[in-house]
Number of protein chains: 2
Amino acid sequence: MTPPAIERWHDFISGGHDPAVLDALLADEVVFYSPALFSPQEGREKTAMYLTAAAKVFGGTDFRYEGQWFAEESAVLEFAATIDGKYVNGIDMIAWNGDGLITSFKVMIRPFSALQLVMGKMAELLQPS
Amino acid sequence: MTPPAIERWHDFISGGHDPAVLDALLADEVVFYSPALFSPQEGREKTAMYLTAAAKVFGGTDFRYEGQWFAEESAVLEFAATIDGKYVNGIDMIAWNGDGLITSFKVMIRPFSALQLVMGKMAELLQPS
């Protein structure tokens, strides 16, 4: 049985990236750990900003989850996608609380060239306009 | 209960990196997936070479495992360490066969600067002399 937090995360990813779905899924104190940056990004607003940008970068590609591993109140989901002809492989490491709200979201990406590619695309979306 | 393959991997890491322990733990057809390179590294010899080099890079640091997630015949272990004053965070994604031998070993590292650092150290160890 898939934990509710993961089920709702899949709903967000496959359901057209509805901001309301994402917002209802994140705890106030959620922390986002970027594959690129050392500094944790704290709070629901920053986390939603990063996850929405990531969903845009991977949206319209062949993004798919290829594996899942579970612990008590957390999971690791492996993903793969092709962006600009390049293979991108990574994991989402997701923890949630007793209410099923996500409290921590960490992303790692390999190989090096894929991380560079995603960082460039994320920067384009996140730079102040 | 920790799966035998993971228990033996921990033995290798904490037991002074005995090549015989590693050799006995890898299936002939094992594949290593680098955090840096796209190309899978096939076979026991190449995989042992990479894992031994990685053990050297992280040996003598404060390397520790900080989380573990399981599936049927695979696991994800999260690690953290400080190398040259820099925080290195990553995962080992390990799959094994019915005999408890490792068939796949994938590594991802974050943040970007940590991946660059580890790539440099690995290259020093792996370059042909």
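Residues numbered from 1 in each chain as written. Chains lettered and ligands numbered in written order. Predicted model: local features only at pLDDT ≥ 70, side-chain atom pairs only at ≥ 80, totals over all residues. Heavy atoms only, no water.

### Quick word on the relation of the copies chain A and chain B
For the match of chain A to chain B, the screw axis carries a shift of 0.0 Å, the RMSD comes to 0.0 Å, and the turn is 180°. Such a combination of turn and shift is consistent with a two-fold rotation axis. A share of 100% of interface residues in chain A that are also interface residues in chain B marks the association as one of identical surfaces. (Least-squares fit on C-alpha atoms with pLDDT ≥ 70 in both. Contact = heavy atoms within 4.5 Å.)

### A word on the pattern of salt bridges
Where charged atoms of side chains with opposite charge meet at close range, the side chains can pair. According to the stated counting rule, one finds 12 salt bridges over all chains in the structure shown. The closest approach of N and O atoms between A:Glu66 and A:Arg64, which form a salt bridge, is 3.2 Å. Two residues, B:Lys106 and A:Glu78, come together in a salt bridge whose shortest N-O distance is 2.6 Å. Taken as a pair, B:Lys106 in strand S6 (residues 102-110) and A:Glu78 in strand S4 (residues 74-83) lie in two separate chains rather than in one. Residue classification places B:Lys106 among the buried positions, given a relative accessible area of 10%. Each member of the salt-bridge network shares a partner with another, and the members are A:Asp23, A:Asp28 and A:Arg44. (Salt bridge = Lys/Arg side-chain N within 4 Å of Asp/Glu carboxyl O. Helix = DSSP H or I, 4+ residues; strand = E, 2+ residues; numbered from the N terminus. Buried < 20%, exposed > 50% of the residue type's maximum accessible area, 1.4 Å probe, protein only.)

### Considerations on the environment of A:Tyr87
Relative to the elements of secondary structure, A:Tyr87 occurs in strand S5 (residues 86-96). Once the C-alpha coordinates of A:Tyr87 and A:Pro111 are considered, the two residues, 24 residues apart in sequence, prove to be 8.2 Å apart. Setting aside residues up to four positions removed in sequence, A:Tyr87 forms contacts with A:Ala80, A:Ala81, A:Arg110, A:Pro111, A:Ala114 and B:Phe38.

### Description of helix H1 (residues 4-14) of chain B
Residues and elements named next belong to chain B. For H1, every residue scored as buried is listed here: Ala 5, Ile 6, Trp 9 and Phe 12. Angularly, the buried residues of H1 cover 110° about the axis, an arc narrow enough to put them on a single face. Opposite the buried face of H1, at more than 90 degrees from it, the exposed residues are Pro 4 and Ser 14. Here the buried face of H1 lies against helix H2 (19-23), helix H3 (44-58), strand S3 (64-70), strand S4 (74-83), strand S5 (86-96) and S6. Looking one or two places after H1, you find Gly 16, whose phi comes out positive at around 85°. (Arc of directions from axis to C-beta.)

### Things to note about the interface of chain A and chain B
Every contact between the two is made by 28 residues of chain A and, on the other side, 28 residues of chain B. Note on chain A versus chain B: buried area summed over both sides is about 2,300 Å², and carbon and sulfur give 68% of it. Applying the counting rule to chain A against chain B returns 2 salt bridges. For the pair chain A and chain B, the number of links is 15 residue pairs in polar contact (both at pLDDT 80 or more). Mapped by element, the contributors of at least two residues to the side of chain A that touches chain B are strand S3 (64-70), S4, S5, strand S6 (102-110) and helix H4 (112-126) of chain A. The biggest single contributor to the side of chain A that touches chain B is S5(A), with 5 residues. Of the residues in the side of chain A that touches chain B, the class split is 19 nonpolar, 6 polar and 3 charged. (Buried area = accessible area lost by both parts, 1.4 Å probe. Polar contact = N/O pair within 3.5 Å; in protein donor to acceptor, adjacent residues only side chain to side chain. Nonpolar A, V, L, I, M, F, W, Y, C, P; charged D, E, K, R; others polar.)

### A few points about the nonpolar core
Ranked by size, the top nonpolar core spans 68 residues in total, and within it A:Trp9 and B:Trp9 carry the most contacts. Once you skip the residues sitting within four places of it in the chain, B:Trp9 turns out to touch B:Leu22, B:Leu25, B:Leu51, B:Tyr65, B:Leu77, B:Asp92, B:Ile94 and B:Phe105. Counting 10 residues, the second-largest nonpolar core is a separate cluster that includes A:Met108, B:Ile91, B:Met93 and B:Met108. (Core = buried A, V, L, I, M, F, W, Y, C linked by side-chain atoms within 4.5 Å.)

### As for H4(A)
Since the α-helix turns once every 3.6 residues, residues separated by three or four places project in the same direction. Spanning 15 residues, H4(A) covers 21 Å between terminal C-alpha atoms, matching the ideal 21 Å at 1.5 Å per step. Within the span of H4(A), buried status applies to A:Phe112, A:Ala114, A:Leu115, A:Leu117, A:Val118 and A:Met122. In this structure, the buried residues of H4(A) make contact with helix H3 (44-58), S4, S5 and S6 of chain A together with helix H4 (112-126) of chain B. (Expected span 1.5 Å × (residues − 1).)

### Here we look at the packing of H3(B) against H4(B)
Residues and elements named next belong to chain B. The interhelical angle for the contact between H3 and H4, taken along N-to-C directions, is 120°, at an axis separation of 10 Å. One finds that H3 runs oblique with respect to H4. H3 and H4 meet at a crossing whose hand is right-handed. For the pair H3 and H4, the contacting residues are Met 49, Tyr 50, Ala 53, Ala 54, Lys 56, Val 57 and Phe 58 in the first and Val 118, Lys 121, Met 122, Leu 125 and Leu 126 in the second. Tallied by class, residues from the contact of H3 with H4 come to 10 nonpolar, no polar and 2 charged. (Axes fitted to C-alpha atoms, helices over the stretch in contact; angles between N-to-C directions. Parallel < 35°, antiparallel > 145°, perpendicular 65-115°, else oblique. Left-handed = near helix turned anticlockwise from the far one by under 90°.)

That's the geometry; what it means functionally is another story.
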